[in-house]
Amino acid sequence: MAINYQHILDSICEEVKDLLPKGKVADYIPQLSAVSPLQFGIAVYCLDGRTYTAGNAHTRFSTQSVTKLFALALAFSREGDKIWSRVGREPSGNPFNSLSQLEYEQGIPRNPFINAGALVIHDILAARFVQADIALLQFMRMLAREPGLDFDRTVAASEHQTAHRNYAIAHLMKDFGNLHNPVEDIIYGYCRQCSITMNCVELARAASFLSNHGSIPWDGTRILDYSSSKRLNALMLTCGTYDAAGDFAYRVGLPAKSGVGGGIVALVPGELTIAVWSPGLDAAGNSLAGVTALERFTTLTTRSIF
Ligand code: GLN
């Protein structure tokens, strides 16, 4: 029997209210610091199309690192296992924008979900498409079934002006021969990628192919084969929430990808996707209320992968 998640989402929305002022909005990207932390949205997209929402589920936010999931899916779908010669599949145990590991691991990022790895993935896409950022946007529009998705040019410019650390990462990888396009082009495209805005409903829908073993649930379009989809889910579980992935698996128990805009998308394979958004972050850079909301969801519904 189909489960009605509405009352669960409503009660989670109430439960996390006290946490909203406690998170810290990302301020290293100036434009993000202007967002009020007192917002929370949640959306569940079931594979049969039923959608449940609560709170600010229809407010668009800066998806930031959540886009790394879609960029990886696009690169993996086109290049297959070739990508693994340029980026690893291990948790980094370091902050998402750390430089230190990259030096002693010869410019090969630990995984595609830290900044270094995402820059390499963007570089791979840039070799495939005339404009990697536009190709990714179109891919995400198709996945979300929402042609209105777009970049936030103000956020992109704001990040570009303060992207010193990402420039440093890109230059280091260029020196090691693991960035084929000009550093400037990749940073510009990556900042545009991170600026794409979505709401929780759109985000949950866009990731639904990953809980549907690689194909879009409403029309059957295959994005990834069964095995690749399973592998991408595994990467989300082990690396999708930065160096807090272990704690996230312990508390929530779902494959997920987070971003410093406060969004997190998670999935129950074969059943549903769930997107949460709240801009206040914890020390690891994950949404404070968002992680708690997902923890409550898997506890209340007993839907975790474990
Ligand atoms: N655009 C951000 C950065 O590169 C994305 C980081 C994130 O969401 N973790 O720093």
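Structural data are supplied above this passage.
Residues numbered from 1 in each chain as written. Predicted model: local features only at pLDDT ≥ 70, side-chain atom pairs only at ≥ 80, totals over all residues. Heavy atoms only, no water.

### Examining the overall build of the protein chain
The secondary structure content of the protein chain amounts to 13 helices and nine strands. Taking 306 residues into account, the globule formula puts the C-alpha radius of gyration at 19 Å, and the protein chain, at 18 Å, falls close to it. The principal-axis extent of the C-alpha atoms belonging to the protein chain is close to 55 × 40 × 35 Å. Counting only contacts in the protein chain whose residues sit at least 6 apart along the sequence, the fraction spanning at least 24 positions is 68%. Summed over its atoms, the accessible surface of the protein chain is roughly 11,900 Å², and 51% of this surface lies on carbon and sulfur atoms. (Helix = DSSP H or I, 4+ residues; strand = E, 2+ residues; numbered from the N terminus. Rg over C-alpha atoms; globule rule 2.2 N^0.38 Å. Contact = heavy atoms within 4.5 Å. Areas by Shrake-Rupley, 256 points an atom, 1.4 Å probe, with all protein chains shown as cover.)

### Section: the site of the ligand
In the neighbourhood of the ligand, 13 residues make up the surrounding shell, with Y28, Q64, S65, E159 and Y190 lying closest. Here an oxygen atom of the ligand and a side-chain polar atom of S65 are 2.7 Å apart. Out of a free accessible area of 300 Å², the ligand has 100% covered by protein chains. Taken together, the residues of the shell around the ligand break down into seven nonpolar, five polar and one charged. (Near = heavy atom within 4 Å. Polar contact = N/O pair within 3.5 Å; in protein donor to acceptor, adjacent residues only side chain to side chain. Nonpolar A, V, L, I, M, F, W, Y, C, P; charged D, E, K, R; others polar.)

### Points about the packing of helix α2 (residues 67-79) against helix α11 (residues 226-239)
Across the interface, α2 lies against α11 with an axial gap of 11 Å and an inter-helix angle of 150°. As far as their axial angle goes, α11 and α2 are roughly antiparallel. Where α2 crosses over α11, the two elements pack in a sense that is right-handed. Contacts from L69, L72, A73 and F76 of α2 reach α11 at S228, L232, L235 and M236. Residues of the contact of α2 with α11, tallied by class, amount to seven nonpolar, one polar and no charged. (Axes fitted to C-alpha atoms, helices over the stretch in contact; angles between N-to-C directions. Parallel < 35°, antiparallel > 145°, perpendicular 65-115°, else oblique. Left-handed = near helix turned anticlockwise from the far one by under 90°.)

So far we have only geometry, and geometry alone does not tell us how the molecule works.
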